[in-house]
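Coordinates in review
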Amino acid sequence: MYSSSSTVPKRVILIHVLAIQLLLINSELSLNTTNAYLNHKCLVSQGKYKPGSKYEQRLKFIIKRFYSVSNKGYQGFGDSTLSAIIQCRGDSYGPKCHDCFATAFAALRRRCPWYKGRIIWYDQCLLSIDAKYSIGQIDYNNNFCMSNAKKLGGDTLAFITTWNTFMDNLTTLAVDNNTNKLTPFYSAGKTWFKGDMLYGMVQCTIDLDPKACWECMVFNSIHFQHCLNDKRGARFMSRSCTFRFEFYPFLAKHVQNI
């Protein structure tokens, strides 16, 4: 009687331990595999194109080209009538980037049918199509900010100083990583704020030069101060650059202490 009853708790404990291990594994994997839709914008002012038009033929050619190289993580094309860029998050290259690009283009076709200009943001990639030459230019108009519903509370001024310094250091690192223009403007790291670990990421699109990357980061950080200053997590995203911080690890690797 006693022996049979004693084996039940052991099994329960074993199952419980295995369940916890699976939850931990899944939560760690989810840091780098989620690809949530974030936002999109149909550039109405650029008008629409007609089926079978020269613009559509040109667009199909570019999209086909992007499909073949999307594993690379970034690709840009531009002339006087059409520009396009695919930029995947710096830790989401290879098959993840290819899948994100396919998802993004299918969603753009559905959300902005026949529009010449359109942009869509996912957690792991950005896809932008423009009816003019825009490669290498900062986009000041197409941007947005998302923030945690929870406010930070406490010493807001100290936190503003912390996240600004954190963003500057991450941007410096991202620019330094791009000295040969063969790697993206991307960096991720972590820093302390009053006993809590703050995690962050910075990225600029590959078509920008270092000066433009800095300018994009500074412009958006000022423009979205109301969204960033007293939140327990936030991000701004534009066609040209992005910054995110959280009080939890949202990437698989935040290797560097900044």
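Everything that follows concerns the structure shown earlier in this document.
All residue numbers refer to position in the chain's written sequence, counted from 1. Selection of residues for local features in this predicted model requires a pLDDT of at least 70, selection of side-chain atom pairs for listing and counting requires 80 or more, and totals for whole chains, interfaces and linings are taken over all residues. The side-chain numbers reported here are obtained from all heavy atoms of the structure, hydrogens and water having been left aside.

**Points about the packing of aromatic side chains**
Centre distance and the angle of the planes are the two values used to describe a pair of aromatic rings. Convention followed: When the centres of two rings from Phe, Tyr and Trp lie within 6.5 Å, Trp using its six-membered ring, the rings pair. Their planes under 30 degrees apart give stacked, over 60 give edge-to-face, and anything left gives tilted. Secondary structure is summarised from DSSP: a helix means a run of H or I of at least four residues, a strand means a run of E of at least two, and numbering begins at the N terminus for each. Between buried and exposed lies partly exposed: a residue is buried under 20% and exposed over 50% of the maximum accessible area for its type, with that area taken using a 1.4 Å probe on protein chains only. Definition used: whenever NZ (Lys) or CZ (Arg) falls within 6 Å of the ring centre and also within 35 degrees of the ring normal, the charge is taken to sit over that ring.
Evaluated as defined, the whole model comprises 17 aromatic pairs. Judged by centre distance (6.3 Å) and plane angle (15°), the rings of Trp-163 and Phe-245 are stacked. In this pair, Trp-163 is assigned in helix α4 (residues 156-176) and Phe-245 in strand β10 (residues 241-246), connecting sequence segments 82 residues apart. For Trp-163, a relative accessible area of 1% corresponds to the buried category. Here Phe-245 falls in the buried class, since its relative accessible area comes to 0%. Following the ring pairs from residue to residue traces out a cluster consisting of Phe-159, Trp-163, Phe-193, Phe-224, Phe-236, Phe-243, Phe-245 and Phe-247. Across from the ring centre of Phe-247, 4.3 Å away, lies the NZ or CZ of Arg-232, which sits over that ring. Above the ring of Phe-250, the side-chain terminus of Arg-244 is found at 4.2 Å from the ring centroid.

**So, helix α2 (residues 54-69)**
We count it as follows: Between the first and last residue of a helix there are one fewer steps than residues, each counted as 1.5 Å, and that sum is the expected span. Along the arc lie the directions from the helix axis toward the C-beta atoms. By definition in these notes, contact holds between two residues if any of their heavy atoms fall within 4.5 Å.
Between the first and last C-alpha of α2 there are 23 Å, a value that for 16 residues agrees with the 22 Å anticipated at 1.5 Å per step. Those residues of α2 not exposed but buried are Tyr-55, Glu-56, Leu-59, Ile-62, Ile-63 and Phe-66. The arc that holds the buried residues of α2, viewed along the axis, is 125°, so those residues lie on one side. Set apart from the buried face of α2 by more than 90 degrees, the exposed residues are Lys-54, Gln-57, Lys-60, Lys-64 and Ser-68. Buried positions along α2 lie against β2 (74-78), β3 (83-88), α3 (95-111), β4 (115-122) and β5 (125-130).

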